[in-house]
Amino acid sequence: MYIIIAIVVIFIAIRVPAYRSPNSIINIINLTAAKLPIALGIAGCIVLTGTDISAGRMVGLAAVIVASMSITNNQIFPGLEPLPIIVPLIAAIAACACIGLINGFSVAKFDLHPFIVTLATQLITYGIILIYLKLGTNNGQTLSGFDPGYRDLVTGTLFTIAGVKVPMYVLYAIILVGLMWVIWNKTTFGKNMFAVGSNKEAAEVSGVNVHRTIILVFVLAAVMYALTGFIDGARIASVNANTGLNYECDAIAACVIGGVSFVGGTGKISGIVIGVLLLQIIFTGLNFLSVDQNLLYIIKGLIILVACAIDMRKYLAKK
């Protein structure tokens, strides 16, 4: 898989010199940073041999909540001035954490497959977004005109390289990567997560609280989705009902490319970072080649299919 990606990248770099320019490289880094939180969240669900297809809609819900409390001409809550950014951020995290709690509880308590559970909450969350955007006099319209304080906090300049701006959210992504590495590798919760993903029955016999571990994984994932939405709203400068659509597809593809196995109990934070980076390198290159945007969906699907097939062959070979 990596060899194929390397060949494609080299071909694009030779074909389009602008692809290897400082501006392009930093843009890839910025896109990687923006997509990392959702991948870090959904990876935990994959470690448990599950997934979370409600992730993209939770990103959208978080973005809508933050935006509705951070716009200067507020039509959802008429007359409301932009609140201190910590308030909408906490509200977004709390809303997504509640959905994550429902996901985790349903999987743990009722032994439902994560795909079915998160399919249901995906639809529920989308419905909530549509209703929320119709509050006040907004009538489902796109939210924009954010308070400068919110945008500066996310997209303000961290530093510049060759005259190209590196935004603040790159720093936030680095902090989240470090935090998740500690959680996965240095905490009892992280060890329990891998134990449950490897063999749920054996983990339970060993004294692991399987139900609590599953619930916490889905709640932690939901918090990561909320942070993705927080970043995305300011980065794009507008929010609507389609914000976050299909984000989970990119995140799942990145995780699988990075070695997080659907077989369960396998994955590294460094692999997730590499997977997200490789995916952004590929799709940025395809944009330079002016590949039809509709074709990108086919390519993403093929990447997931091939990566999962390779992963399963490795698993069968080990057995």
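Preceding this paragraph is the structure being described.
About the thresholds
- The written sequence of each chain sets the order in which its residues are numbered from 1.
- Since the coordinates come from a predicted model, pLDDT governs what is reported: local features require at least 70, and pairs of side-chain atoms require 80 or more to be given and counted, while whole-chain, interface and lining totals use all residues.
- Hydrogens and water molecules were not included; the side-chain quantities draw on all heavy atoms of the structure.
- Segments assigned H or I by DSSP are reported as helices when at least four residues long, segments assigned E as strands when at least two residues long, and all are numbered from the N terminus.
- Only the C-alpha atoms count toward the radius of gyration. The rule for a globule is 2.2 Å times the residue count to the power 0.38.
- For every residue, the accessible area obtained with a 1.4 Å probe (protein chains only) is divided by the maximum for its type, and the residue is called buried under 20%, exposed over 50%, and partly exposed between those limits.
- Per-residue and other accessible areas follow the Shrake-Rupley method at a 1.4 Å probe size, with only the shown protein chains counted as cover for residues.
- Positive charges come from Lys and Arg alone, negative charges from Asp and Glu alone, with His and the N- and C-terminal ends not counted.
- Charged side chains are reduced to one point each, which is NZ for Lys, CZ for Arg, CG for Asp and CD for Glu.
- Two strands pair under a simple rule: DSSP has to find at least two bridges between them.
- What goes into a patch is any residue over 30% in relative accessible area without a salt bridge, connected to like charges within 9 Å or, for nonpolar side chains (Val, Leu, Ile, Met, Phe, Trp, Tyr), within 5 Å.
- Each salt bridge in this description consists of a side-chain nitrogen of Lys or Arg and a carboxyl oxygen of Asp or Glu lying within 4 Å of one another.
- Axis definition: a line fit to C-alpha positions, over the contact stretch in the case of helices; interaxial angles, taken between N-to-C directions, run 0 to 180 degrees.
- Small angles under 35 degrees read as roughly parallel and large ones over 145 as roughly antiparallel, with 65 to 115 read as roughly perpendicular and the rest as oblique.
- By the definition used in this description, the sense in which the near helix is turned from the far one sets the handedness, with an anticlockwise turn below a right angle giving left-handed and a clockwise turn giving right-handed.
- By the convention used here, residues are in contact when the closest approach between their heavy atoms is within 4.5 Å.
- Under the scheme applied, nonpolar residues are Ala, Val, Leu, Ile, Met, Phe, Trp, Tyr, Cys and Pro; charged residues are Asp, Glu, Lys and Arg; polar residues are all the others, including Gly.
- Stacked, edge-to-face and tilted are the three classes for Phe, Tyr and Trp ring pairs, Trp counted by its six-membered ring, which pair at centre distances within 6.5 Å; planes under 30 degrees apart are stacked, over 60 edge-to-face, the rest tilted.
- A positively charged side chain is recorded as over a ring if its NZ (Lys) or CZ (Arg) lies within 6 Å of the ring centre. The angle to the ring normal must also be within 35 degrees.
- Only buried residues count toward a nonpolar core. Its members are Ala, Val, Leu, Ile, Met, Phe, Trp, Tyr and Cys residues joined through side-chain atoms within 4.5 Å.

S.K.: How do you make sense of the overall build of the chain when you look at a structure like this?
M.R.: Across its full length, the chain holds 13 helices and four strands. Taking 20 Å as the expected radius of gyration for a compact globule of 319 residues, we find that the chain reaches 20 Å, a close match to that expectation. Looking at the chain residue by residue over its 319 residues, the buried ones come to 49%. Carbon and sulfur atoms provide 67% of the accessible area of the chain, an area that totals close to 14,700 Å². Side-chain charges of the chain comprise 19 positive and 12 negative groups, with the mean position of each set lying 9 Å from the other.

S.K.: Please clarify how the pairing of strand 2 (residues 157-161) should be interpreted in this entry.
M.R.: Sheet faces and side chains relate simply in a regular strand, where the side chains alternate between the two faces. In this sheet, strand 3 (residues 164-167) lies alongside strand 2 in antiparallel orientation, the contact comprising four bridges. Bridged to T157 within strand 3 is P167. As consecutive antiparallel partners, strand 2 and strand 3 are separated by two residues, and within that stretch A162 has a phi angle of approximately 55 degrees, a positive value.

S.K.: Even after reading the chapter, I still don't get a nonpolar patch on the surface, so can you show me in this structure?
M.R.: A surface patch of nonpolar side chains, about 370 Å² in accessible area, is lined by F115, I116, L119 and L123. For L123, the location among the structural elements is in helix 5 (residues 114-132).

S.K.: Teacher, can you tell me more about the packing of helix 2 (residues 22-47) against helix 7 (residues 168-186) here?
M.R.: For any two helices packed against each other, one specifies the crossing angle of their axes together with the interaxial distance. Where helix 2 contacts helix 7, the two axes come as close as 8 Å, and the packing angle between them is 20 degrees. Classified by the angle their axes make, helix 2 and helix 7 are roughly parallel. Both helix 2 and helix 7 take part in a crossing whose hand is left-handed. Here N30, A33, A34, L36, P37, L40, A43, G44 and V47 of helix 2 lie close against helix 7, whose contacting residues are Y169, V170, A173, L176, V177, M180 and W184. The residue inventory of the contact of helix 2 with helix 7, partitioned by class, reads 14 nonpolar, two polar and no charged.

S.K.: I tried to follow the environment of A222 on my own but got confused; where do I start?
M.R.: As for its position among the elements, A222 is in helix 10 (residues 210-236). Here the alpha-carbon distance between A222 and T243, two residues 21 residues apart in the chain, equals 16 Å. Residues contacting A222, with those up to four places away along its chain left out, are M58, C96, A97 and G100.

S.K.: Looking at this structure, how should I read the packing of aromatic side chains?
M.R.: In this description, a pair of aromatic rings is defined by centroid distance and the angle of the planes. Counted under the stated rule, the structure contains six aromatic pairs. Centre to centre, the rings of F77 and Y132 are 6.1 Å apart; their planes meet at 85 degrees, and the pair counts as edge-to-face. You can see F77 sitting in the loop between helix 3 (55-68) and helix 4 (86-110) and its partner Y132 sitting in helix 5, a full 55 residues away along the chain. Y132 gets classed as buried once you look at its relative accessible area, which sits at 15%. Over the aromatic face of Y247 sits the side chain of K35, whose NZ or CZ is 3.6 Å from the ring centroid. Residue placement shows R57 over the ring face of Y126; its charged tip is 3.8 Å from the ring centre.

S.K.: I keep staring at the nonpolar core and nothing clicks. Help me out?
M.R.: Ranked by size, the top nonpolar core spans 95 residues in total, and within it W184, Y225 and I272 carry the most contacts. For this core, the leading source of residues is helix 10, giving 15 residues. Sequence-distant contacts of I272, defined by excluding residues within four places in its chain, comprise A39, L40, A43, W184, C255, G258 and V260. The next biggest cluster of nonpolar side chains, apart from the first, holds six residues, and it includes I12, A13, V16 and I281.

Remember that the coordinates give geometry; whether it matters functionally is a separate question.
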